[in-house]
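Structural overview
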Amino acid sequence: MDIKRITAVFESRGFSVQYFETGAEAVDYLAQQTAGKSVSFGGSMTLEQLGAYEKLNKATDVSWHWKGDGYQQTPEVYITSANAVSETGEIVNIDGAGNRVSATLYGPKEVFFVCGINKLTPDLTSAIDRAQNIAAPKNAWRLFGDFASGAACMEEGASIPACAAAGGNQCYHCKAPNSICRAIVIHQGPMRAQERCELILIGEDLGY
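To keep things clear, this report deals only with the structure shown in the data block. The structure presented is a predicted model; accordingly, all values stated were derived computationally and were not measured.

**With respect to the overall build of the protein chain**
Secondary structure assignment for the protein chain yields seven helices and 10 strands. Compactness check: the protein chain gives a C-alpha radius of gyration of 17 Å against a globular reference of 17 Å for 208 residues, within 12% of the reference. Principal-axis analysis of the C-alpha atoms places the extent of the protein chain at approximately 50 × 40 × 30 Å. Scored against the burial criterion, the 208 residues of the protein chain give a buried share of 47%. Of the contacts formed within the protein chain by residues at least 6 apart in sequence, a portion of 72% connects residues at least 24 apart.

So, in structure tokens, the structure goes:
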């Protein structure tokens, strides 16, 4: 992994980039950067694994729909992860409800994408493939695995995503009402209204 090259590619698109060998270093950095600001988290197993909510909550006002008092859509700072990050400079996310991706596009002045090196892919095509066939099925299994059993879950129109029914192994391009694959968002650069859009890469495998 050539961090200098990857950093240069993202910076050429207008992103800021920080690299940390460990998640603990990254969380300490985030705590410093967000102290005294209003912060919201998007749903993220990476942030959960890092204990980021607990750490940042000591220094600032953090909201998250997974924990605490809920979720604020338009904070000063929005922190989330990504389903894939391409070495050609794109950040890819798939979402079902839209709350996780919408705040990366509009509202907060500062956005941080926190990603382990397992999210890195060679190019945009492989990034989309990773988001669809690795991250999304694993997240669907996390959300619906307890309810996904029997062949009926694989039938057209079933409420449970087919990938969850199959054990979270790949995307089946289903049209399930509870599909978490309603939109694919590809960041090719910061939104014009954002003052800061930063990719934080961590030299560990984190999240899906």
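**A closer look at helix α1 (residues 3–12)**
Structural remark: α-helix, 3.6 residues per turn; residues separated by three or four positions point the same way. Within α1, the full set of buried residues consists of Ile6, Thr7 and Phe10. Taken end-on, α1 shows its buried residues confined to a sector of 100°, consistent with a single buried face. Facing away from the buried side of α1, by more than 90 degrees, are the exposed residues Lys4 and Ser12. Those residues of α1 that are buried are in contact with β1 (16–20), β5 (84–86), β6 (91–95), β8 (120–121) and β10 (196–202).

**Notes on the packing of aromatic side chains**
Within the structure shown, the criterion is met by six aromatic pairs. Taken together, a centroid distance of 5.0 Å and an interplanar angle of 20° make the contact between Trp64 and Trp66 stacked. The exposure class of Trp66 is partly exposed, given its relative accessible area of 30%. Following the ring pairs from residue to residue traces out a cluster consisting of Phe41, Tyr53, Trp64 and Trp66.

**Details of the pattern of salt bridges**
Scanning the model with the defined rule gives nine salt bridges in all. In this structure, the salt-bridge partner of Arg5 is Glu87, at a minimum N-O distance of 2.5 Å. Pair noted here: Arg5 is in helix α1 and Glu87 is in the loop between β5 and β6, with a separation of 82 residues, a long-range link. Taking the shortest distance from any N to any O, the salt bridge between Asp28 and Lys55 comes out at 3.2 Å. Separated by 27 residues along the polypeptide, Asp28 in helix α2 (residues 23–34) and Lys55 in helix α4 (residues 52–56) bring together distant segments of the chain. Residue Lys55 is classed as partly exposed on the basis of its relative accessible area of 35%.

**Side note on the side chain of Ser86**
Take Ser86: it is sitting in strand β5. Once you skip the residues sitting within four places of it in the chain, Ser86 turns out to touch Phe10, Thr121, Asp123, Leu124 and Ala127.

**Remarks on the sheet that holds strand β3 (residues 61–64)**
Pairing between sheet strands relies on hydrogen bonds along the backbone, with the strands arranged either parallel or antiparallel. Across the sheet, which stays open at both edges, the six strands sit in the order β1-β10-β7-β4-β2-β3 with parallel pairing between neighbours. Since the sheet does not close on itself, it has two edges, and those belong to β1 and β3, each with one partner. For this sheet the average axis-to-axis angle between neighbouring strands, irrespective of direction, equals 20°. By the bridge criterion, five bridges tie β1 to β10 in an arrangement that is parallel. Its bridge partner being in β10, Gln18 is matched across the sheet by Ile200.

The rules behind the values
- Along each chain, residue indices are assigned from 1 in the same order as the chain's sequence is written.
- Whole-chain, interface and lining totals are the exception, using all residues; otherwise, since this is a predicted model, local features are given only for residues with pLDDT of at least 70 and side-chain atom pairs are given and counted only at 80 or more.
- To get the side-chain values, all heavy atoms of the structure are used, and hydrogens and water are removed first.
- Helical segments are the DSSP runs of H or I of at least four residues, strand segments are the runs of E of at least two, and each set is numbered from the N terminus.
- Based on C-alpha atoms, the radius of gyration is set beside the globule rule, defined as 2.2 Å times the residue count to the power 0.38.
- Note on exposure labels: buried denotes an accessible area under 20% of the residue type's maximum, exposed denotes more than 50%, and partly exposed covers the range between, all computed with a 1.4 Å probe on protein chains only.
- In this description, contact between two residues means that some pair of their heavy atoms is separated by no more than 4.5 Å.
- The reported arc concerns the directions from the helix axis to the C-beta atoms and nothing else.
- Classification of ring pairs rests on two measures: the distance between centres of Phe, Tyr or Trp rings, Trp counted by its six-membered ring, which must be within 6.5 Å, and the angle between planes, read as stacked under 30 degrees, edge-to-face over 60 and tilted in between.
- Every case where a carboxyl oxygen of Asp or Glu lies within 4 Å of a side-chain nitrogen of Lys or Arg is listed as a salt bridge.
- In short, DSSP must find at least two bridges between two strands for them to pair.
- Every axis corresponds to a line fitted to the C-alpha atoms, with the helix fit spanning only the stretch in contact, and the corresponding angles, defined between N-to-C directions, vary from 0 to 180 degrees.

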